[in-house]
Amino acid sequence: MHTINKPTKYRISLKEPGIPGVLRMAEERFIFTPHDPRSLLKLDVPFRSIKVHKFSKDGSKQALLNLLHEGGGYIFEFDSFSDRNICRDFVGKILGKLQATCPSKDDKTVPDKTTPAPGEQLSPMEMEHRIKLLRDDSELQRLHKQFVMTAILTESEFWATRKNLLDDTTIKVTKQRTGFKSTMLADIRPSTDGRTNKVTFSLTPEIIHQIFAEKPAVHRAFLDLVPKKMSEKDFWTKYCRAEYLHRTNNSVAAAAEAAEDEELAVFLKHDDILADEIRHKIRRVDPTLDMEADQADDYIHLQDHGLLRDGGKETVDAESELSRRTLSQDLNRHAAVVLEGRAFDVELGDTRTVAEALARSKKGPSLETFDKNESQERLEKACRMTEIEDLRGPHQLPYAPLFIKDPREYFDSQQANALRALGDSNAGFKNTDYNFNLEESYAYLMKQISEAKVTGLNDIVQSDVALKVLNGLNQHLSSTKQHIGKGPFESVLDQLPSRTKDELMIHWSSIQELLRHFWSSYPITTGYLYNKVLRLKEAMTQIYNKLQEIKESVQSDYRHLVSLLVHPMLQALDAAFAHYDSEQQKRTAKGGAMPNGFFK
Amino acid sequence: MASAPSKLYSDDVSLVVVLLDANPFFWAAGAGGGNHPAATLPFAKFLDHVIPFLNSLLLMNQLNQVVLIATGINTCGYIYDSGNGGPEGSDNVSEISSEILLRLEEFVCKDRKIGKGTERAMGGSVSSLLSGSLSLALCYVQKVFRSGAIHPQPRILCLQASPDGPEQYVAVMNAIFSAQRSMVPIDSCVVGVQHSAFLQQASYITGGIYLKPPQLDGLFQYLAAVFATDLQSRNFLQLPKPAGVDFRASCFCHKKTIDMGYVCSVCLSIFCQHQRKCSTCGSEFNQAPREPNSASDTIRKA
C-alpha cells in the first residue's frame, strides 16, 4: 500500500488552536511532523493502538479526523474536506484490515503466572477473573501458589472445585439497570421565544416513558388512540396543550377546551385509574393507623402555610376538578413510580412498543387477585393489634407440620431395610459380647433385682473411690477450663503464639484443599486420576510430617493444646491414607495389572 | 402441638425424669466377669447407686419431684413417680426403694412377655428403646407444663448402658428437638462400653450435661456431684464439658450411621445411597448421581 502526505493541523484538544504540520500515513503507522522544527509535538503512532476513528460531517464547520486510542484521541484539522476524506478512507481500510488479521490482541495479556493446562482454552475474560480472585484473596493465592505452582494440582483441577467463585463474578459483571430519574416531570418547562405566542415542549423517549409510568390515563389513551384515531404527533400535541392549560391555571379555558374535544378532556380529567389504585391502596393501609387523628398536624389549614407551585400558591378551588391534582399528589405519585423502578427492558425508541411493554408488565400482578388475601390478612392483623391479651388463649407458635408424602412407603421401606441391616451387623456382635440368649439374660436381670432387694442399701461408695472420683472430676474440670477456655467464644488458637497459630491455620487450609481433591478423585477410573491421587498422597505425606514436627517443636506448655488441634487433622489424613491403601490392595487383589498399565 | 403457655417456673424446684436402661443383654453380659462395664457394676450395684440418688434428689427440696422410667428392649414404662405417693408413704426411703424394685421386676417380666410374641428381640436387636422412653418423659413434662402456672423446672436424665440403636435415629432426634423446643435439658450419664452419639447430641442441643464416668464403682458420686444440681444452680457452677460431640447421623434408608451421604434438597432427609425419590417428602431426584470424577473427566477430555 502507498503512503499519503497531507497538510493538517494537530489539535491536542478541540479548544486549542491546531499546530500546523504534515500528516504522513503509511500502512503500519502514521507520523505527524510539525512545520516548526522546534516543536516537541511530533507524533509517531502505530495503527495497532488505534481503536476507532471519528470524523466531522461533510459541510460542517471544520474538517476533523479523530483517531481514538485507549484513553484519548489524536485530532487533526484539515484545510479541506477532500483532504480529510482521503485520510479518513485510508485509516478505515487499515483499521479494517488490522481487525481482520488479529482478532484479539489480548493474547499477550495472559500473564506468565497462570499457565493454562494443555488442551484447555481460556478466554482472556476468564483468565482475568481468576487473576482478580487470586489477587483479592490472599488465602486463595497462597493455596494456588502452594499446589499449582508446585504441580501437585493443575490449574483446571484447582479451579474445578471453585466454580462457584467463578460464576459469582460473571453474574456481577452484568449491567446494572437504570431506574427512572428522580427529577419530576414538572421540570420540563415549555420554552417560549418572546416574539411569537408559540410555546415549545420537548419530549424525549425517556420523558415519554416516564409520562406513561406516572400517568396511567395518558398511557391508556395512547394505546386506545394511536395510531387508530390520530397520529403520535397529534397525540402529544394535545397532551402538551392540556398540560399547558393546566399549568397556567387557566381553568375556564381548560373547561372550554375539554368540552369541545373529548380526547383533550382525557388529559385534563382526574386520572381515574390512579384514583382506583389509590383507593385500593387506602384499603390496604394498616388498620391500626388513624389518619383522622393526624389531620390537624400539618398546619395546612392555617394562614400562610401551604405549598407553592409554579410561582403561585395552589388555590383550593372546590368547583374545579382540575385543581384536585395537587402538588403533593404529584409528588407522591412520582415517588411511587421511581421506587417501583423499571419493570422491563425495552429500547426507548419506538413509543408504541414502550407503551405496549408497559401495559404488559402492569397486567401481571393485577390488584384484584390479591385483594381477597389482603383483606383477610388485614382482618387478622386488626384482630392481632387490637386484642386484649387476657381475654385470649395463648398464641400458636408457627411451626411446619410434618409432611410425609407416602407414610406407607416411608415406614415400610425403612423397616425392611433396617431389619436386613440388623440381621447382617448384629450376628457377629452378639457372639462376642453377649454370652447369654434372651431368656437367660432376663433371668439374670431378675436375679440381680432380687439381689438388690435382699442386700438393701449399704456402703454405696467406698471412701477411697469417692476421693478418686472427686479428684478425677476436679482435674477434668480444671483441665477443660484451661484448655477449652473460659468462654465459649474464646478460641484455643488465641492462646498459642501467633507463629504457631498461623502455621496451623495454613496447614489446615492446605489439608482441606488436598483432601477435597483426593476424595473427589475416587473411584479411580483413569490413569490420570491414578497419577493425581499419587501426587496428592505425596503432598499429604509431607504435610503430615510437618504437623508432627510442629507438635514436637512447640514449647511444653502448648504441646497438649497443639496436639489437640492437630489431632483431627491427622485423623482426616489417616482416613485418606487408609482409603488409599485399601484401594491399592483391592487393585492388587484384582490381578495386578490395571487397564492403563498402572499397577503396584 | 401447642407448647407450654407460660414458663413461670419456681426456680429452685426440679422435676427430674430419670430414664433407666434395663437392657437384659447388656446387664447379662457382665455375668461372665471380665472388662465389661456390667461386670464391674452389675445391675444390682447399679440400682444401689441410682436409688439413693433418687432419694437424695427428693431430699434437696421438699417440692422436688422424681419420675423413674425404665427403658427395655421391647417396651418402656413408668416405674416410680414421687408425686403419686400417699402422704405418709413417700417419706420412707426403704419403702421407696422396695417400690422401685418391685415395679422394676414387673417391668422386666412385661418386657420379656412382649418380646416372646415377636421376632424382634430374637432377630438380634440389642439396643434399648431410648426413643420410647424419651417420648414418655417428654409427655410427662408436657403434662406438668399444663398443670398450672407454677410448676417445677423439668429436666431429663438418661442413664444409658446399651449402645445406640441407629434404627431409632429419626425418632430420637425428633424427641431431642421437641425437648429443645420445650426447653427441657437432657442430661446423660453413659455407663456402657462406648460413648453414645445420640446422647452427646441430645445434651449438646438441649444444653444438658453429658458425662461418661470413668470410675463406675463411684457412680453415685458422679450422679450426686454433677447431675443433682438444679438448673438455677448450674449457672454458677463449673460442670464437666464434653471434649467433642459425635454429630454423625443415621441414614433414613438403612439406619446406618454414616460419615458422608446424600441429603434431600427439599426436606433434608439423609440417605446413604443415591435415591431416585425421597422417601420422606416424595421429591424426585432426576439426575443420576454424578460420579465424583465425571466432572473433572469431561473437562480434561474437552
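Residue numbers run consecutively from 1 along every chain, following the written order of its sequence. Ligands are numbered from 1 and chains lettered from A, in the order in which they are written. Thresholds applied to this predicted model are a pLDDT of at least 70 for local features of residues and 80 or more for the giving and counting of side-chain atom pairs; totals over whole chains, interfaces and linings are not thresholded and use all residues. Values shown for side chains rest on all heavy atoms present in the structure; no hydrogens or waters enter the calculation.

You'll find chain B entered in an unreviewed UniProt entry as General transcription and DNA repair factor IIH subunit TFB4, with Dendrobium nobile given as the organism. Its UniProt record gives chain B a comment under Sequence similarities (unreviewed entry), which states: "Belongs to the TFB4 family." Under the UniProt heading Subcellular location (unreviewed entry), the note attached to chain B is "Nucleus". UniProt positions are given in the numbering used here, feature names are shortened, and annotations may be inferred rather than shown by experiment.

As annotated in an unreviewed UniProt entry, chain A carries the name BSD domain-containing protein and is attributed to Dendrobium nobile. UniProt annotates chain A under Subcellular location (unreviewed entry) with the comment "Nucleus". Taken verbatim from the UniProt record of chain A, the Sequence similarities (unreviewed entry) comment is "Belongs to the TFB1 family."

1. A closer look at the confidence of the model for chain B
All names here are of chain B. Known as pLDDT, the predictor's per-residue confidence is scaled from 0 to 100. With 85% of its residues at a pLDDT of at least 70, chain B reaches an overall mean of 81. Per-residue pLDDT, averaged within each element of chain B, yields its smallest value for helix H10 (residues 294-301) (34) and its largest for strand S5 (residues 186-190) (94). Should any heavy atoms of two residues lie within 4.5 Å, those residues are counted as being in contact. Predicted confidence for residues 291-302 stays below pLDDT 50, and this span has 17 contacts to residues more than four positions away or in other chains. By the criteria applied, helices consist of DSSP H or I runs no shorter than four residues and strands consist of E runs no shorter than two, each listed in order from the N terminus.

2. Here we look at the side chain of His-507 of chain A
Positionally, His-507 of chain A belongs in helix H18 (residues 498-520). Apart from residues no more than four positions distant in its own chain, His-507 of chain A is found in contact with Ile-543, Lys-546, Leu-547 and Ile-550 of chain A.

3. Let's talk about the sheet that holds strand S6 (residues 63-69) of chain A
Hydrogen bonds between backbone atoms are what pair the strands of a sheet, whose relative direction is either parallel or antiparallel. All names here are of chain A. For two strands to pair, DSSP has to find at least two bridges joining them. Ordered by their spatial adjacency, seven strands build an open sheet running S4-S3-S2-S1-S7-S6-S5, and the pairing between neighbours is antiparallel. What marks the edges here is a single partner per strand, and that holds for strand S4 (43-46) and strand S5 (50-55). Between one strand axis and the next, the sheet turns through 30 degrees on average, direction left out of account. Bridge count between strand S3 (residues 29-34) and S4: four bridges; the pairing is antiparallel. Looking at the pairing, Ile-31 lines up with Asp-44 of S4. The convention used is that axes are lines fitted to C-alpha atoms, helices contributing only their stretch in contact, and that angles between N-to-C directions extend from 0 to 180 degrees.

4. With respect to helix H11 (residues 272-283) of chain A
Taking 1.5 Å as the rise per residue, H11 of chain A with 12 residues should run 16 Å; its terminal C-alpha atoms sit 16 Å apart, in good agreement. Relative accessibility decides the category of a residue: with a 1.4 Å probe and only protein chains considered, values under 20% of the type maximum give buried, values over 50% give exposed, and everything between is partly exposed. Those residues of H11 of chain A not exposed but buried are Leu-274, Ala-275, Glu-277 and His-280 of chain A. For a helix, the expected span equals 1.5 Å multiplied by the residue count minus one.

5. Points about the packing of helix H6 (residues 205-214) of chain A against helix H7 (residues 216-225) of chain A
Residues and elements named next belong to chain A. Look at H6 against H7: their axes get within 5 Å of each other, and the N-to-C directions meet at 110 degrees. The orientation of H6 relative to H7 falls into the category roughly perpendicular. Two secondary-structure elements touch here, H6 through Ile-211, Phe-212 and Glu-214 and H7 through Pro-216, Val-218, His-219 and Phe-222. Of the residues contributing to the contact of H6 with H7, the split by class is five nonpolar, one polar and one charged. With respect to orientation, any angle under 35 degrees is reported as roughly parallel, any angle over 145 as roughly antiparallel, any angle of 65 to 115 as roughly perpendicular, and every other angle as oblique. Charged means Asp, Glu, Lys or Arg here, nonpolar means Ala, Val, Leu, Ile, Met, Phe, Trp, Tyr, Cys or Pro, and polar covers whatever is left, Gly included.

6. Looking at the environment of Cys-240 of chain A
Mapped onto the elements, Cys-240 of chain A comes out in helix H8 (residues 232-247). Look at Cys-240 of chain A and you get buried, because its relative accessible area is 10%.

7. Topic: the packing of helix H2 (residues 124-136) of chain A against helix H3 (residues 138-148) of chain A
Residues and elements named next belong to chain A. One way to put it is that H2 packs onto H3 with a least axis distance of 5 Å and a crossing angle of 110 degrees. Taken together, H2 and H3 sit at an angle that is classed as roughly perpendicular. Side by side, H2 and H3 meet where Leu-133, Leu-134 and Asp-136 of the first sit next to Ser-138, Leu-140, Gln-141 and His-144 of the second. Of the residues that constitute the contact of H2 with H3, the class distribution is three nonpolar, three polar and one charged.

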